[in-house]
Every structure is written in structure tokens, then in C-alpha cells.
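Residues per chain are reported as follows:
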Amino acid sequence: MAYCKAAEEKKWLRWKENEEKTLRALGVDEDTIQRLRAYDWAQFNKERQYLQRWRDELQPEIYAEVPETEHVFTVEALLDTVEDERLFWMLKMADPKTLEMLFLKTLGYSAREIAHKTGVSEDAVNNRISRIRKKLKKFL
């Protein structure tokens, strides 16, 4: 499962607010609370970096362990699984690089990972995926 920084940050903020309320109720001074907050934030960021690095390094290995019969591993094979003819032609007419990016996204790769694999910028990956999503929404 991918690490979601925004969700984890929200959890951390809720936890920290509750902890600070408790500390204030116990009479701890604001300077100590702020130093503790800075320390906890640094720890949160270290853990986030570790989890992100772990995911980036191990994600390809996780997919390599899945038998080929359970997943589609090429864009062409993915297109062959599309049963709706209009959807098939819409995807078939899309740029091959965009289809490759969409395929990698469906496998769970992040935009940064896709950018690294395809040789384009992360912004370009996000833009292409956003555009094809808009087309798919119009289709649906």
C-alpha cells in the first residue's frame, strides 16, 4: 500500500493537538510544548522519508513476485482486456507514452516513479494523467 503523506500528516496533527491540550492542562509551559512539537515534527519527517524510500526501493520487487497470470504487464495486454468498444478506441487513439503512464499508475507507481521510468518530468506525468482522466470522465 502506498504511503499517503497528507493522511499521515492529518493523523499526526490530531495526535499532536490532543497531546498539547493534555500538556497545557498539566501546566507545562509553552516553550517546552513548542520544543516538543519541533522534535516530534522532525521525527515524523524522518519516518516519512524512511517509508517513502522503502516504498520506492521495494515496490518494483513486490510486483515482480506476483505471477504473470494475475496481472496484465503490457499496455497492449491491458487494451485487450477492455470490453467496451468506445472506451477501447478512445484509449487506442491516445498517445502511447500517455497509455504507458496510465498503465504504470494503475500498477500503483507514483508520479515520480513514472517520471523516472519514462524519462519525462513529474509535472508532465501529472498533466497527462489528468488529461486522460478528464477524457474518461466525459466518456463515463
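See the structure shown above.
Residues numbered from 1 in each chain as written. Predicted model: local features only at pLDDT ≥ 70, side-chain atom pairs only at ≥ 80, totals over all residues. Heavy atoms only, no water.

Peer 1: Could you clarify how one ought to interpret the packing of helix α5 (residues 96–106) against helix α6 (residues 111–118) in this entry?
Peer 2: What describes two packed helices is the angle between their axes and the distance between those same axes. Running from amino to carboxyl end, α5 crosses α6 at an angle of 140°, the nearest separation of the two axes being 10 Å. It follows that α5 is oblique to α6 by the angle criterion. Taken as a pair, α5 and α6 cross one another with a handedness that is right-handed. Contacts between α5 and α6 involve Lys 97, Glu 100, Met 101, Leu 104 and Lys 105 from the former and Ala 111, Ile 114, Lys 117 and Thr 118 from the latter. (Axes fitted to C-alpha atoms, helices over the stretch in contact; angles between N-to-C directions. Helix = DSSP H or I, 4+ residues; strand = E, 2+ residues; numbered from the N terminus. Parallel < 35°, antiparallel > 145°, perpendicular 65-115°, else oblique. Left-handed = near helix turned anticlockwise from the far one by under 90°. Contact = heavy atoms within 4.5 Å.)

Peer 1: In this structure, what is going on with the nonpolar core? I would like to understand it.
Peer 2: One broad trend across soluble globular proteins is that nonpolar side chains are buried collectively. Core analysis: the biggest nonpolar cluster contains 18 residues, and Leu 79, Leu 91, Leu 99, Ile 114 and Val 125 have the highest contact counts within it. Breaking this core down by element, the ones donating at least two residues are α3 (75–80), α4 (85–93), α5, α6 and α7 (122–139). Take this core: its biggest share by element is 5 residues, from α5. Residues contacting Val 125, with those up to four places away along its chain left out, are Met 101, Ala 111, Ile 114, Ala 115, Thr 118 and Val 120. (Core = buried A, V, L, I, M, F, W, Y, C linked by side-chain atoms within 4.5 Å. Buried < 20%, exposed > 50% of the residue type's maximum accessible area, 1.4 Å probe, protein only.)

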